[in-house]
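So you can see what is in the structure, the chains are spelled out below.
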Amino acid sequence: HVAIIMDGNGRWAKLRGKSRIEGHRRGRASVRAVVEMSRRLGIPYLSLYAFSAENWLRPKDEVSALMSLLEHYLTVEEPKMMRHGIRLLAIGDKDRLPSTVRCTLERTIEATKENKHLTVILALSYSGRSDIVRTVQEIAAKVKEGEYAPEDIDETLISAHTETGSLPDPDLLIRTSGEMRISNFFLWQIPYTELYVTPILWPDFRDKEYLQALTEFQRRQRRFGRTDEQIAKNIPRADRS
Ligand code: FPP
């Protein structure tokens, strides 16, 4: 499961004296590139942080341009998703999306739901903390109704109630444009995720840059809290029996 914080569209545009919207348009081509490459490589899950809950604070014309780019992307890409067995999911507060975008999104999710090769998860109006808050509320309501006892609450139960409950935790989190932060993306989901930050701006992040990130990931030794010796002896991870 690869997750990507796609950052730097605005800076890419500014460096070239273009509008921020032009940066997002170029960014959309990078989205296409990583989706296609993931499909080609057989990566089963790709999560893309396309719009954070905080992004609603951006200038109105930028927000609406992003929404129409998204809608256009979904409309144009749906036949390709069908041809290549790509399933689309969305996480985040979809109720805040304009109704036209929500309808297109729902239609694409429905049309692609049986596709088996690659699942693309679009995080839209997403906030990692909001996901945790909603999860706690849902579990608390179930405890109140007697469905669970407080002692039943464990990591597995919490994971299952998050928006990504049906997905494995990300193995690799890529962030473009050099910023060293998570920006309220996945919080609960990334305790042992490998982080990869590149100075490349998102519109310049294409096949070569993606392969570089994946190659670097392959070189990492994932210890999940264990020592080198324990790994050599194949001692299982604490969260796996
Ligand atoms: C960050 O750049 C990027 C975004 C806020 C949105 C990502 C959107 C796209 C890649 C375009 C369309 C999306 C899809 C899924 C088709 P920034 O504006 O924060 O850049 P800056 O930090 O340089 O200002």
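Everything numeric in this text was worked out from a predicted model, so none of it was measured.

Rules behind the numbers
Residues numbered from 1 in each chain as written. Predicted model: local features only at pLDDT ≥ 70, side-chain atom pairs only at ≥ 80, totals over all residues. Heavy atoms only, no water. Near = heavy atom within 4 Å. Polar contact = N/O pair within 3.5 Å; in protein donor to acceptor, adjacent residues only side chain to side chain. Areas by Shrake-Rupley, 256 points an atom, 1.4 Å probe, with all protein chains shown as cover. Patch = residues over 30% accessible without salt bridge, like charges linked within 9 Å, V, L, I, M, F, W, Y side chains within 5 Å. Salt bridge = Lys/Arg side-chain N within 4 Å of Asp/Glu carboxyl O. Lys, Arg positive; Asp, Glu negative; His and termini not counted. Charge placed at Lys NZ, Arg CZ, Asp CG, Glu CD. Helix = DSSP H or I, 4+ residues; strand = E, 2+ residues; numbered from the N terminus. Buried < 20%, exposed > 50% of the residue type's maximum accessible area, 1.4 Å probe, protein only. Axes fitted to C-alpha atoms, helices over the stretch in contact; angles between N-to-C directions. Parallel < 35°, antiparallel > 145°, perpendicular 65-115°, else oblique. Left-handed = near helix turned anticlockwise from the far one by under 90°. Contact = heavy atoms within 4.5 Å. Nonpolar A, V, L, I, M, F, W, Y, C, P; charged D, E, K, R; others polar.

A. Quick peek at the site of the ligand. Contacts to the ligand come from 19 residues, most closely from Asp-7, Gly-10, Arg-11, Arg-20 and Arg-58. At 3.0 Å, a side-chain N or O of Asp-7 approaches an oxygen atom of the ligand. Interatomic distance of 2.8 Å between a side-chain N/O atom of Arg-58 and an oxygen atom of the ligand. Across the complex, the protein chains shield 92% of the 630 Å² of accessible surface that the ligand would expose by itself.

B. Geometry of a negative patch on the surface. A surface patch of negative charge is lined by Glu-151, Asp-152, Asp-154 and Glu-155. Looking at the element boundaries, Glu-151 is found in the loop between helix 5 (128–144) and helix 6 (155–161). The exposure class of Glu-151 is exposed, given its relative accessible area of 66%.

C. How the structure looks around the packing of helix 2 (residues 20–41) against helix 7 (residues 207–219). It is the contact of helix 2 with helix 7, at a shortest axis distance of 9 Å, that shows an interaxial angle of 50°. One way to sum up the angle between helix 2 and helix 7 is to call them oblique. Like other packed secondary-structure pairs, helix 2 and helix 7 cross with a definite hand, here right-handed. For the pair helix 2 and helix 7, contact is made by Ala-33, Val-34, Met-37, Ser-38, Arg-40 and Leu-41 and by Asp-207, Tyr-210, Leu-211 and Leu-214, respectively. Partitioned by chemical class, the residues of the contact of helix 2 with helix 7 number 7 nonpolar, 1 polar and 2 charged.

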